[in-house]
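Listed below, chain by chain, are the residues.
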There are 2 protein chains.
Amino acid sequence: MAYDENCPVCATAEIVCGKWTLLIIRDLADDRQRFCELERSLKGISPRTLSLRLRALEEEGMVKRETFPEVPPRVEYALTEKGRALVPLIEDMRSYGRRWLGAEGDCTPAAEDDAAVAPAVVAPPAFAA
Amino acid sequence: MAYDENCPVCATAEIVCGKWTLLIIRDLADDRQRFCELERSLKGISPRTLSLRLRALEEEGMVKRETFPEVPPRVEYALTEKGRALVPLIEDMRSYGRRWLGAEGDCTPAAEDDAAVAPAVVAPPAFAA
DNA sequence: CAGTATCCGTCTGGATACTG
DNA sequence: CAGTATCCAGACGGATACTG
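Here goes a summary of the coordinates provided. (Residues numbered from 1 in each chain as written. Chains lettered and ligands numbered in written order. Predicted model: local features only at pLDDT ≥ 70, side-chain atom pairs only at ≥ 80, totals over all residues. Heavy atoms only, no water.)

### Digging into the sheet that holds strand β1 (residues 33–34) of chain B
Residue and element names in this part refer to chain B. Strand order in the open sheet made by the 3 strands is β1-β3-β2, with antiparallel pairing throughout. With one partner strand each, in any of the chains shown, β1 and β2 (63–68) form the two edges of the open sheet. Pairing analysis gives 6 bridges linking β2 to strand β3 (residues 74–79), with the strands arranged antiparallel. Bridge pairing in β3 links Lys64 to Ala78. Each of β1, β2 and β3 is contacted by helix α2 (residues 21–30), which is oriented at about 95 degrees to β3, the strand it contacts most. (Pairing = 2+ DSSP bridges. Helix = DSSP H or I, 4+ residues; strand = E, 2+ residues; numbered from the N terminus. Contact = heavy atoms within 4.5 Å. Axes fitted to C-alpha atoms, helices over the stretch in contact; angles between N-to-C directions.)

### With respect to the packing of helix α2 (residues 21–30) of chain A against helix α4 (residues 47–59) of chain A
Helix-helix packing is described using two parameters, namely the angle between the two axes and the distance between the axes. Residue and element names in this part refer to chain A. Orientation of α2 relative to α4, taken along the N-to-C sense of each, is 75 degrees, at an axis distance of 10 Å. The orientation of α2 relative to α4 falls into the category roughly perpendicular. For the pair α2 and α4, the contacting residues are Thr21, Ile24 and Ile25 in the first and Leu50, Arg53, Leu54 and Leu57 in the second. Residues belonging to the contact of α2 with α4 are distributed by class as follows: 5 nonpolar, 1 polar and 1 charged. (Parallel < 35°, antiparallel > 145°, perpendicular 65-115°, else oblique. Nonpolar A, V, L, I, M, F, W, Y, C, P; charged D, E, K, R; others polar.)

### Some words on the protein's contact with DNA strand C
Close contacts around DNA strand C come from 21 residues, with Arg48 of chain A together with Ser51, Arg55, Arg65 and Tyr77 of chain B the closest. The sugar-phosphate portion of DNA strand C accounts for 65% of its atoms within 4 Å of the protein, the bases making up the rest. Separating a base nitrogen of DNA strand C from a side-chain N or O atom of Arg48 of chain A is a distance of 2.4 Å. Between Arg55 of chain B and DNA strand C, the recorded distance is 2.5 Å, taken from a side-chain N or O atom to a phosphate oxygen. Here the surface near DNA strand C gets 4 residues from one element, more than from any other, and that element is helix α4 (residues 47–59) of chain B. In terms of residue class, the surface near DNA strand C is made up of 10 nonpolar, 3 polar and 8 charged. (Near = heavy atom within 4 Å. Polar contact = N/O pair within 3.5 Å; in protein donor to acceptor, adjacent residues only side chain to side chain.)

### Considering the relation of the copies chain A and chain B
Once chain A is rotated about the relating axis by 180 degrees and shifted along it by 0.0 Å, it coincides with chain B to within an RMSD of 0.0 Å. Seen this way, the second copy is the image of the first under a two-fold rotation axis. When C-alpha distances to the rotation axis are compared across chain A, the minimum falls at Cys17 of chain A, with a value of 2.3 Å. Interface overlap between copies is the fraction of interface residues in one copy that are interface residues in the other; for chain A against chain B it reaches 100%, indicating a shared surface. (Least-squares fit on C-alpha atoms with pLDDT ≥ 70 in both.)

### Digging into the environment of Leu42 of chain A
Residues and elements named next belong to chain A. Structurally, Leu42 is set in the loop between α3 (35–41) and α4. You can call Leu42 buried: its relative accessible area is 2%. In this structure, the C-alpha to C-alpha distance between Leu42 and Leu23, residues 19 residues apart in sequence, is 7.4 Å. Contact partners of Leu42, with chain neighbours within four places excluded, come to Trp20, Leu23, Ile24, Arg26, Asp27 and Leu50. (Buried < 20%, exposed > 50% of the residue type's maximum accessible area, 1.4 Å probe, protein only.)

Below is the structure:
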């Protein structure tokens, strides 16, 4: 982009401006998530975009990526301290949206849970070529 | 864009995402500004973009436009209550930028004032064709 | 001064398919 | 599951010139 890097507002704006960035932070605010969980809660996001955002967030140090060398590959994403520091910003946005934009939904991953029971494993069968 | 309109965070994000939007709000936070003043403090913005943003902000009810039928045309922009409600968000961003992004500048229009003395009128001569 | 019109490049992000 | 590769459309925004 092209504005003053030294301005704290501008600098934060550059991070915040990505279309899904804030939503990812929001989804990660409650607890760590795996790639596919984010993919589901961020309904409509493409794997490419999610991947890009996650990578950028990781490079900026706001998200921590953890890999588990298991048979069904598992990767979890969580906020770092730097990332968590963004949460109040999101809360402000939520308040604003409710108060001035008439957006009443809560849009939290938990809210759109159809079955609260643990799905345990979605698809344990092999997938190797 | 394409995400949940009912989510307060998403709804606010759509407003906040425009490249210059937040900066305009910030510049208007202190006091009302005219078009050319914004053009100057938002160094680098094109009149087209400024015009578009201002118009959008006006339609969304965050900015109030006031015209003065004077010989050198004068138009001033000011925040509405709805627009002013965005200021705390900007303050959060400023704090974040300072604390985590190492952005130390303040980027306020007043700060980059070269000569504090009133320039009175920059170019009073006629400009009519 | 306060914009608008036109043109055009860039970047973002979606769709789809494929891999480790 | 967790991505990556490719292709592509459309939005965003800059430059420049011109008008009321």
